[in-house]
Amino acid sequence: MAASTKTKGQDSFWSRRKRLRLQNHLLTYLVLVPGALLFLYPLLWMLSTSLKPKHQIFTYPIEWIPDTWMWSNYGEVFNQVPFWTYTVNTAVITVIGVVGTLFGSSLAAYGFARFRFPGRDALFLLMLSTMMVPIWVTLIPSFLMFRWFGWLNSYLPILVPAFFAQPFYTFLLRQFFMTVPIDLEDAARIDGANRLQIFLNIMLPLSRPALATAAIFAFFFYWNEFLLPLIYIQDQTKFPISVGISSFISEYRSDFALMMAASGMALAPPMIVFFLAQRYFIQGFVLSGVKG
Amino acid sequence: MFNSDLLRREAIQGYLFILPWFIGFVVFTAGPLTAALGFSFTDWNGVSAMEFIGFENYIQLSQDSRFWQSLKVTLVFTFFYLILNIIIGFALALVMNQPVRGMRLFRTIYYLPAVLSGVAVAVLWAILFHREFGALNWLLGLVGIKRVGWLVSESWALPSIIIMELWRVGSTIIIFLAGLQGIPPELYEAAEVDGANRRWRLWSITIPLMSPSIFFVLIVGFINAMQVFTQAYIMTRGGPNYATFFYSMNLYQTTFRELRLGYASAQAGVLFVIIFLITLGIIWVSRYRVNYELV
């Protein structure tokens, strides 16, 4: 008698849990599915608009499926503006920017992570606090300095600072370096390797995931960079995509298809990198955020 | 003796590794920062002779209605953006922490906009917000809501930019999800045994243990939000009627259109002080409110 009551009680307890879980799942989908559609909505609209013939863009209510699929809208962007040149310029800025960022930041990160020296923690705090300095404060003196260097209308004002360690990436890499066991380095030191060799041959290969993360963040940053090229580059043949698009929107303001095609092409590389490297992207936030 | 020699060598090597950062700090941050402070006491257009005018720029700033408008726009934007970003990010992270099928796909979709930024996104949303032919008004029309002016409406232009920025809440979700997954499940089990209900568990376990993540999102989000530029420059040029005239728009105009470098330097300095003080304020409050013990 006592035993059967117990089983019965347990049964209803478990079925209650099961029902609750089912309810939970249903609620989860009820939030996530409409939300996902909402998040995709702007991108779907961009794709649809970029493929429409001219007469269909200004129809209301909106017709989402083009009568004829105007793939030529994308080609038209290249006819109207030197989009190919913009793309090459953006790629050059991005590649050099990523390399420079990894170079300077990994050196500084290793210095902060693995050496003891007077003032280290104060200097590290100083570096972190420079993240609070808005770009606008240093902009005018930097502009005058770069003008004096003769660097206007070149990528040097954008790219040279990258090689001198950026606080965010230095912080990210330092966090990772500190998690690498020190034994391997000690073994190499006993074998007579110097610190630079250890850094290059042991620390960097072990830190590939963190370097990949930093590289991806730097990629997004330099690919989208707008303010600095807007200020420093006057020559249209040297524009990156961002400045190129901003200079043609006033002219083609009413040509939605063209603008959407151009924007779509500008956004495609970050999307592709995101799909390929989502894992590193997420890890970056975890490294920088949670133990920050 | 041997030991102190070793220590000295280690210190020198350490300094060498951080030397590139230090050079960059002096040349690209500290030097320009000092110069900007000096410029802020001058009247100068970058070409003619520099004239020292003491605190004149700062006095003028206090009476400049364009400056006050830009500060108001920026603070209102930052406040509402931060609050909404944290609430929505938190809610979505809680939902996405459920073990349901297809979660990888959902996460990919929600994170995707976070990697998209800059001019192309601003162009995309400018067209999306279009009053007559934009997809947003069309969608609202489906549920019977009348057309909103969005970017051409004085009252809706700033909320429009907030909405667009909230589309990129994915990075906040990632940080919050990582925080949620770091909470030991034993705590919830213990609370359940004690008969704690859902709301109680949220307030007494989840939120306190998530406070470091919330604090991080708050600080980083604040510093970035105070400097928003591209969106307004591309979508509204600061309008209509200065409704989206962000601090950075004012700085851009003063510097590159009016060439008042001294006056702009004073404005930039004030921005730095505001960011610095509010950030310190957040850090100070967090020392009492953020719980690092179990993380």
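All figures in this text were calculated on a predicted structure; none of them were measured in a lab.

**Q** How would you sum up the overall build of chain B? Please name residues and give values.
**A** Regarding its fold elements, chain B presents 13 helices and 2 strands. Taking 2.2 N^0.38 as the reference for a compact globule, 295 residues should give roughly 19 Å; the C-alpha atoms of chain B span a radius of gyration of 24 Å, well beyond that estimate. Counting only C-alpha atoms and orienting by the principal axes, one finds that chain B spans roughly 80 × 75 × 30 Å. Relative to its full complement of 295 residues, chain B shows a buried share of 39%.

**Q** I'd like a rundown of the overall build of chain A, residues and numbers included.
**A** Each helix and strand counted, chain A has 15 helices and 0 strands in total. Here the C-alpha atoms of chain A give a radius of gyration of 27 Å, more than 25% beyond the 19 Å that 2.2 N^0.38 yields for 292 residues. With the C-alpha coordinates of chain A rotated into their principal frame, the extents come out at 95 × 75 × 35 Å. The buried share of chain A, reckoned over its 292 residues, is 42%. Long-range contacts, defined as pairs at least 24 residues apart, comprise 76% of the intrachain contacts of chain A with a sequence gap of at least 6.

**Q** I'd like to hear about the interface of chain B and chain A, residue by residue, with values.
**A** Every contact between the two is made by 73 residues of chain B and, on the other side, 75 residues of chain A. Considering every element that reaches the side of chain B that touches chain A, the biggest residue donor is helix α1 (residues 2-39) of chain B, with 19 residues. Looking at side-chain class alone, the side of chain B that touches chain A contains 51 nonpolar, 20 polar and 2 charged residues.

**Q** Can you break down the nonpolar core residue by residue, with the values?
**A** Judged by nonpolar contacts, the single largest core of 153 residues is most densely connected at A214(A), I245(A), V123(B), L124(B), W125(B), A126(B) and I173(B). It is helix α4 (residues 83-114) of chain A that provides the largest number of residues to this core, a total of 11 residues. Lining this core are residues from two domains, each supplying at least three of them: domain 1 (2-50) and domain 2 (72-289) of chain A. Those residues within four positions of I245(A) in sequence are excluded, and the remaining contacts are A262(A), S263(A), A266(A), V119(B), A120(B) and V123(B).

**Q** A description of the domain arrangement of chain A should follow, citing residues and the corresponding values.
**A** All names here are of chain A. The domain boundaries assigned to chain A delineate domain 1 (2-50) and domain 2 (72-289). Taking the mean C-alpha position of each, domain 1 and domain 2 sit 40 Å from one another. When grouped by side-chain class, the residues that make up the side of domain 1 that touches domain 2 number 2 nonpolar, 2 polar and no charged.

**Q** Which residues make up the environment of F275(A), and what values do they have?
**A** Residue position: F275(A) is located in helix α14 (residues 256-276). In sequence terms F275(A) and N224(A) are 51 residues apart; their C-alpha atoms lie 17 Å from each other.

**Q** Tell me about unusual backbone geometry, and name the residues and values.
**A** Residue P240(B) is bonded to the preceding G239(B) through a cis peptide linkage, with omega at -10 degrees. Checked against the element boundaries, P240(B) lands in the loop between α11 (230-235) and α12 (247-257). For N153(A), which is not a glycine, the phi torsion comes out positive at approximately 60 degrees. Mapped onto the elements, N153(A) comes out in the loop between α6 (135-149) and α7 (156-159). For N153(A), a count of 12 C-beta atoms within 10 Å translates into the label exposed. Non-glycine residue A165(A) carries a positive phi angle of around 70 degrees. Its location among the elements puts A165(A) in the loop between α7 and α8 (167-177).

**Q** Can you lay out the confidence of the model for chain B for me, pointing to particular residues and giving the numbers?
**A** Mean pLDDT for chain B: 89, with 98% of residues reaching 70 or above. Our summary of model confidence lists the complex with pTM equal to 0.89 and ipTM equal to 0.88.

**Q** Could you give an account of helix α7 (residues 157-166) of chain B, naming the residues involved and the relevant values?
**A** Because the α-helix completes a turn every 3.6 residues, residues three or four places apart line up on one side. Residues and elements named next belong to chain B. Taken together, the buried positions of α7 are occupied by A157, L158, S160, I161, M164 and E165. Angularly, the buried residues of α7 cover 155 degrees about the axis, an arc narrow enough to put them on a single face. Contacts made by the buried residues of α7 are with α3 (65-96), α5 (119-128) and α11.

**Q** I'd like a description of the packing of helix α11 (residues 208-224) of chain A against α14(A), backed by residues and values.
**A** Residue and element names in this part refer to chain A. Two elements in contact, α11 and α14, have axes separated by 10 Å at closest approach and are oriented at 170 degrees. In terms of axis orientation, α11 runs roughly antiparallel to α14. Facing α11, whose interface residues are I216, F219, F220 and W223, α14 presents P269, P270 and V273. Of the residues that constitute the contact of α11 with α14, the class distribution is 7 nonpolar, no polar and no charged.

**Q** How would you sum up the confidence of the model for chain A? Please name residues and give values.
**A** When pLDDT is averaged along chain A, the result is 87, and 93% of the positions lie at 70 or above. Note on residues 1-7 of chain A: pLDDT is under 50 here. Beyond four places in sequence and across chains, it has 0 contacts.

**Q** For the environment of P113(B), give the residues involved together with the corresponding values.
**A** As for its placement among the helices and strands, P113(B) is situated in the loop between α4 (103-111) and α5. The class for P113(B) is buried, based on 23 C-beta atoms found within 10 Å.

**Q** An account of the environment of M271(A) is needed here, citing residue identities and associated values.
**A** With respect to the helices, strands and loops of the structure, M271(A) is situated in helix α14. In this structure M271(A) comes out as partly exposed when scored by C-beta crowding, with 15 C-beta atoms within 10 Å.

The rules behind the values
Within each chain, residues carry numbers counting from 1 in the order of the written sequence. By the order in which they are written, chains take letters starting at A while ligands take numbers starting at 1. Given that this is a predicted model, residues contribute local features only at a pLDDT of at least 70 and side-chain atom pairs are listed and counted only at 80 or more, while totals for whole chains, interfaces and linings are drawn from all residues. Secondary structure is summarised from DSSP: a helix means a run of H or I of at least four residues, a strand means a run of E of at least two, and numbering begins at the N terminus for each. Throughout, the radius of gyration refers to the C-alpha atoms, and the reference size of a globule is 2.2 Å times the residue count to the power 0.38. Three exposure classes are used, all based on how many other C-beta atoms lie within 10 Å of a residue's own C-beta (placed from the backbone): buried at 20 or more, exposed at 12 or fewer, and partly exposed between those limits. Here contacts are defined at the residue level, using C-beta atoms placed from the backbone and a cut-off of 7 Å between them. Residues are grouped as follows: Ala, Val, Leu, Ile, Met, Phe, Trp, Tyr, Cys and Pro are nonpolar; Asp, Glu, Lys and Arg are charged; all remaining types, including Gly, are polar. Put simply, a nonpolar core is buried Ala, Val, Leu, Ile, Met, Phe, Trp, Tyr and Cys residues tied into one set by C-beta atoms within 7 Å. Those domain boundaries reflect an automatic or database domain assignment. Here pLDDT means the predictor's own confidence in every residue, given as a number from 0 to 100. Working note: the arc is built from the helix axis to C-beta atom directions. To define axes, lines are fitted to C-alpha atoms, for helices over the stretch in contact only, and angles between the resulting N-to-C directions are given on a 0 to 180 degree scale. Angular relationships are summarised with four words: roughly parallel below 35 degrees, roughly antiparallel beyond 145, roughly perpendicular across 65 to 115, and oblique for the angles in between.

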